Amino acid sequence: FFFGPLPPPPAPFATQARPSNAMSSLIPRYDPTLFGEIHQLSAYLPTEENKESIQFIFYIAAVIAIIHCCLYVVVKLWDGYRKGDGESSDEKRASSFDASKAAYQLTNLFVNLTLGCLGIYYQVSIPLAESAMNKIVGYEQNKIFALGQVGYQLWALPVGLFVVGEAKSMIMHHIAVICVGSVSAFIRCGFRYYVPYFYGVIEISSVPLSIMNSFKNNREWIKAYPEMYATVRLVFAITFLLVRVLLWTPFYWNFFAYASMLLYSSESMSTRAILACFNLSSLILTFLQYFWATKIVSAAVQGNQSKRK
């Protein structure tokens, strides 16, 4: 995932189930026989495999933390060189916070670009018409996205909470991704058919977001390069609305239909608890996308109105 060979494209779960047609792939019907077969499978992936997954998650979190620390040192050195000596203690504290925030945004840009490009690489190999069995329990190679996202969020959660003071919606986002990512990483019914898109492709929209946030934290950049800032904002709005709203919506509700059917058909209380948390976390993430989308559209409308005035 980091500093290693690019993984091969995904292989589906070995099953004789027929691929669904275009309509049923968007609007699935409940099949009690299918879900009965699925519930006969083991609830978790093999123990040894899960142990390796846990190690890999902490490896990812550690690598990202090291990258973050290195970027922080670089930003601090550059900021000190640019400003020179003679700063007051308050100015030094503010400068240290700004450096932490800049390093955090640069780290996010690097990770999101990696996840986004890897997600596109995987997504183009996945057929749109796929069997329900494969969607729910297949594509185990896609688990790399779940491991990467859980490791990423385990790093981002404490940094966002205690270092850069992120908004409550982002803290909620980190926690929800850890919940859904853990199911995809460790549970047999991990819905890994969907994860290259949900945990990978959509992160492409976060790349221009990181650049835009860097402009906001350095207002002099906006004054010096107003056209570049306007272009970055436009690219962010387009990519966000495209991958996190327009394409996300049919993809998500197809997933949610299967996940709800799996929850409904389960007779195990522990499985129901896991799936209920999984479904609820995915709903939180979806409505966060819609909430942020309304803010983007609102900002665009207000910007157009101010230009006309």
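Visitor: Sorry, what's going on with the nonpolar core here?
Guide: Side chains that are nonpolar tend, in soluble globular proteins, to be buried together. Counting 57 residues, the largest nonpolar core has Ile 38, Ile 136, Phe 191, Phe 198 and Phe 255 as the members making the most contacts within it. Sequence-distant contacts of Ile 136, that is, excluding residues within four places in its chain, are made with Phe 35, Ile 38, Arg 188, Cys 189, Gly 190, Phe 191, Tyr 258 and Leu 262. Counting 13 residues, the second-largest nonpolar core is a separate cluster that includes Tyr 229, Val 232, Phe 236 and Ala 293.

Visitor: What am I meant to see in the pattern of salt bridges here?
Guide: If the charged atoms of two oppositely charged side chains come close together, the side chains can form a pair. Counting across every chain of the model gives 3 salt bridges. Taking the shortest distance from any N to any O, the salt bridge between Lys 143 and Glu 49 comes out at 2.8 Å. With Lys 143 in helix 6 (residues 143–163) and Glu 49 in helix 3 (residues 47–83), this residue pair connects regions lying 94 residues apart in the sequence. Judged by relative accessible area, which is 8%, Lys 143 ranks as buried.

Visitor: Would you explain the confidence of the model for the protein chain in this entry?
Guide: If pLDDT is low for a region, its predicted coordinates should not be looked at in detail. When pLDDT is averaged along the protein chain, the result is 89; 86% of the residues meet or exceed 70. Confidence drops under pLDDT 50 across residues 13–17; counting only partners more than four residues distant or on other chains, this segment forms 10 contacts.

Visitor: Got a minute to help me understand the environment of Trp 155 in this structure?
Guide: Residue placement: Trp 155 occurs in helix 6. According to the relative accessible area criterion, Trp 155 is buried, its value standing at 5%. The spatial distance from the C-alpha of Trp 155 to the C-alpha of Ala 65 is 6.6 Å, given a sequence separation of 90 residues. Here Trp 155 is in contact with Ala 61, Ile 64, Ala 65, His 68, Tyr 104, Thr 107 and Asn 108, once residues within four sequence places are set aside.

Visitor: Any chance you could explain the side chain of Ser 265 here in plain terms?
Guide: With respect to the element layout, Ser 265 can be found in helix 12 (residues 248–265). Side-chain polar atoms of Ser 265 contact the backbone oxygen of Leu 262, separated by 3.2 Å. Sequence-distant contacts of Ser 265, that is, excluding residues within four places in its chain, are made with Tyr 30, Phe 35 and His 39.

Visitor: Looking at this structure, how should I read the environment of Ala 129?
Guide: On the secondary structure map, Ala 129 appears in the loop between helix 4 (89–123) and helix 5 (132–137). Of the residues examined, Ala 129 reaches a relative accessible area of 36% and is grouped as partly exposed. With 103 residues separating them in the primary sequence, Ala 129 and Leu 26 have C-alpha atoms 9.3 Å apart.

Visitor: Please explain the packing of aromatic side chains as it appears in this structure.
Guide: What characterises a pair of aromatic rings is the spacing of the ring centres plus the angle enclosed by the ring planes. According to the stated counting rule, one finds 31 aromatic pairs in the structure shown. Measuring from centroid to centroid gives 5.2 Å for Tyr 104 and Trp 155, while their planes differ by 35°, and the two rings are tilted. On the criterion of sequence distance, the pair formed by Tyr 104 in helix 4 and Trp 155 in helix 6 is long-range, its members being 51 residues apart. The exposure class assigned to Tyr 104 is buried, which follows from its relative accessible area of 4%.

Visitor: Mind showing me how you'd approach the packing of helix 6 against helix 7 (residues 168–186) here?
Guide: Think of two packed helices as two axes; the pair is described by the angle between the axes and how far apart they sit. The interhelical angle for the contact between helix 6 and helix 7, taken along N-to-C directions, is 155°, at an axis separation of 8 Å. When the interaxial angle is binned, helix 6 and helix 7 end up roughly antiparallel. The element helix 6 and its partner helix 7 pack so that their crossing is left-handed. In this structure, helix 6 contributes Lys 143, Ala 146, Leu 147, Gln 149, Val 150, Gln 153, Leu 154, Ala 156, Leu 157, Gly 160 and Leu 161 to the contact, and helix 7 contributes Ile 171, His 173, His 174, Ile 175, Val 177, Ile 178, Gly 181, Ser 182, Ser 184 and Ala 185.

Analysis parameters
- Residues numbered from 1 in each chain as written.
- Predicted model: local features only at pLDDT ≥ 70, side-chain atom pairs only at ≥ 80, totals over all residues.
- Heavy atoms only, no water.
- Core = buried A, V, L, I, M, F, W, Y, C linked by side-chain atoms within 4.5 Å.
- Buried < 20%, exposed > 50% of the residue type's maximum accessible area, 1.4 Å probe, protein only.
- Contact = heavy atoms within 4.5 Å.
- Salt bridge = Lys/Arg side-chain N within 4 Å of Asp/Glu carboxyl O.
- Helix = DSSP H or I, 4+ residues; strand = E, 2+ residues; numbered from the N terminus.
- pLDDT = per-residue confidence, 0-100.
- Polar contact = N/O pair within 3.5 Å; in protein donor to acceptor, adjacent residues only side chain to side chain.
- Phe/Tyr/Trp six-rings, centres within 6.5 Å; stacked < 30°, edge-to-face > 60°.
- Axes fitted to C-alpha atoms, helices over the stretch in contact; angles between N-to-C directions.
- Parallel < 35°, antiparallel > 145°, perpendicular 65-115°, else oblique.
- Left-handed = near helix turned anticlockwise from the far one by under 90°.

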